[in-house]
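The residues making up each chain are set out below.
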Amino acid sequence: MTTFQLFLWIAAGALLQVALFLFISFWRHWSNFLYLKQKLAISTTPTVPQSAQEASTAHPTHIAAWKGIRNFRVERKVLEDSAGQVCSIYLIPEDGQPLQPFLPGQFLTFKLEIDTKGQGLKPVTRCYSLSDSPNEKYYRITVKRLTSPDPSRVAPGVSSNYIHDHVKVAAVLKALAPAGQFYMNANSEPVVLIGGGIGITPMISMLKWIFEHQPDRETWLFYGVRNTSELAMTSQLLEFARVHYTFQLHLCLSDPHAIEPDALELPFVHLHHVRADIQLLRRLLPLKAYAFYICGPSAMLQSLVPALVDWGVPQERIHFEAFGPASISRAIKAPSSRVSTSLIQAPAKLEINFSKSNKSAQWTSEMGSLLDFAEEQGISVPSSCRSGVCGTCQTKLSKGQVTYNTEALFEIEAGCCLLCISTPTTDISLEI
Ligand SMILES: Cc1cc2nc3c(=O)[nH]c(=O)nc-3n(C[C@H](O)[C@H](O)[C@H](O)COP(=O)(O)OP(=O)(O)OC[C@H]3O[C@@H](n4cnc5c(N)ncnc54)[C@H](O)[C@@H]3O)c2cc1C
């Protein structure tokens, strides 16, 4: 054989290897693509359970467990973090009746009476996520104490400090029935939960529910805090990660000087010194049709939700809830079940007048609820649950008509509307 022939043989061998490599890569991507396409087709078909297991775990049709207020006695109170800033309270119904199940991720709305400035009791309405899995005996909520950003001028958080300092065992609290559209679905699709700060509370409920009903479901949790002193409910999370082989626990510490206590150096804990952001998700998550559940500060939602959409995650697979008063801007609002724009039957453009703010603006159907719209116009409206439960955003409607995108669980006064779940059907005037 001549040198030239040998060279040709080597070149042909190398070419064959490259061709084989390209073929295998293409084939792998193609099968992944077909798998994802099939999964998406299945999951976008309205919710018929796909298997016997799914049928048995599917959530029951959810209706409010009771109407109006129900009294709950505090049975137990426990601290959930090393800094003593997060506590859980266990609540049992005073009427002794069993508790109907809620959906994992839902919240309770509390009607508190608090003497904030030494001027007598004032009504305070606040929502707190249920932080345990549904059971007949008790509800658990977990509350973070909010300090003041400027103690010389601004008071600390009214309700959270009241719960920490004054709500003791045997105290009675008034609550509305569990509600909310942010809850874990009962499909068997793999899920990624992302909790920022105290946004971990609904995630604990979702995780417990998954482990009780779908122990084989692939589940990831990214829990973002600044440093380890802000971690809450760690012992539960570590226990989940130790026991459940389908669960991946990722703790993300955004403070670069955060110290890792030895207690977290465990084979089943993944520690990261970065935020729980899109770069981390893209680096770690395999190519699969995940559903994402996000709860945390609005800054986290504002960056993550659009980044997931840009990454190609279909909007119906992104579910989120913000705890703070700030909403996520409509431009990046993923269409979760929370807002049903399809029900809106309104003319293309409507004139909305905000009489007290002396402003008018044009609303179109893609602009979302009247609460989103008011906030977008720079009008600050007191709000809390953003799902028609707590009544905080009830506002006088002096002209025109609105429609509700979901059933209001709050009894709306005559001549008023709930901005968080309503959209206009005519030109309207609101007294804000
Ligand atoms: C659906 C839902 C679920 C929730 N789940 C949970 C949960 O599981 N756990 C949890 O801890 N929270 C949860 N929250 C948040 C909770 O409802 C309260 O908003 C939170 O506890 C703060 O209420 P607060 O009365 O203590 O604070 P607020 O009195 O409302 O004050 C909030 C912050 O603003 C500051 N502030 C007050 N006045 C001013 C001012 N004039 N200027 C600047 N700053 C000011 C306060 O110092 C405080 O830091 C949830 C919220 C929602 C909507």
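This text follows the structure it describes.
Residues numbered from 1 in each chain as written. Predicted model: local features only at pLDDT ≥ 70, side-chain atom pairs only at ≥ 80, totals over all residues. Heavy atoms only, no water.

1. Quick notes on the site of the ligand
Point 1. Residues in close proximity to the ligand total 24 residues, the closest being Cys-127, Tyr-128, Ala-155, Ser-159 and Ser-160.
Point 2. Between the ligand and Ser-159 there is a distance of 2.7 Å, counted from an oxygen atom to a backbone nitrogen or oxygen.
Point 3. Residue Ser-160 places a side-chain N or O atom 2.6 Å away from an oxygen atom belonging to the ligand.
Point 4. Protein contacts shield 74% of the accessible area of the ligand, which totals 980 Å² for the unbound molecule.
Point 5. Those elements that place two or more of their residues in the shell around the ligand are β4 (122–129), β5 (139–144) and α3 (158–165).
Point 6. With 4 residues, β4 is the single largest residue contributor to the shell around the ligand.
Point 7. The residue makeup of the shell around the ligand, split by class, is 12 nonpolar, 9 polar and 3 charged. (Near = heavy atom within 4 Å. Polar contact = N/O pair within 3.5 Å; in protein donor to acceptor, adjacent residues only side chain to side chain. Areas by Shrake-Rupley, 256 points an atom, 1.4 Å probe, with all protein chains shown as cover. Helix = DSSP H or I, 4+ residues; strand = E, 2+ residues; numbered from the N terminus. Nonpolar A, V, L, I, M, F, W, Y, C, P; charged D, E, K, R; others polar.)

2. Focus: the side chain of Thr-109
Point 1. Looking at the element boundaries, Thr-109 is found in strand β3 (residues 107–114).
Point 2. Thr-109 sits in the buried class, given a relative accessible area of 0%.
Point 3. Setting aside its immediate chain neighbours within four residues, Thr-109 contacts Thr-125, Arg-126, Cys-127, Lys-174, Ala-175, Leu-176, Val-389 and Cys-390. (Buried < 20%, exposed > 50% of the residue type's maximum accessible area, 1.4 Å probe, protein only. Contact = heavy atoms within 4.5 Å.)

3. Remarks on the packing of aromatic side chains
Each aromatic ring pair is summarised here by two numbers: the centre-to-centre distance and the angle between the ring planes.
Point 1. Applying the stated criterion to the full structure yields 13 aromatic pairs.
Point 2. Ring centres 5.6 Å apart and planes at 40° place the aromatic pair Phe-72 and Tyr-139 in the tilted group. Within this pair, whereas Phe-72 is found in strand β1 (residues 70–79), its partner Tyr-139 is found in strand β5, the two being separated by 67 residues in sequence.
Point 3. A cation over an aromatic ring shows up here: Arg-70 above the ring of Trp-66, its NZ or CZ 4.8 Å from the ring centre.
Point 4. The lysine or arginine in question, Arg-76, covers the ring of Tyr-90, its NZ or CZ lying 4.2 Å from the ring centre. (Phe/Tyr/Trp six-rings, centres within 6.5 Å; stacked < 30°, edge-to-face > 60°. Lys NZ or Arg CZ within 6 Å of the ring centre and 35° of its normal.)

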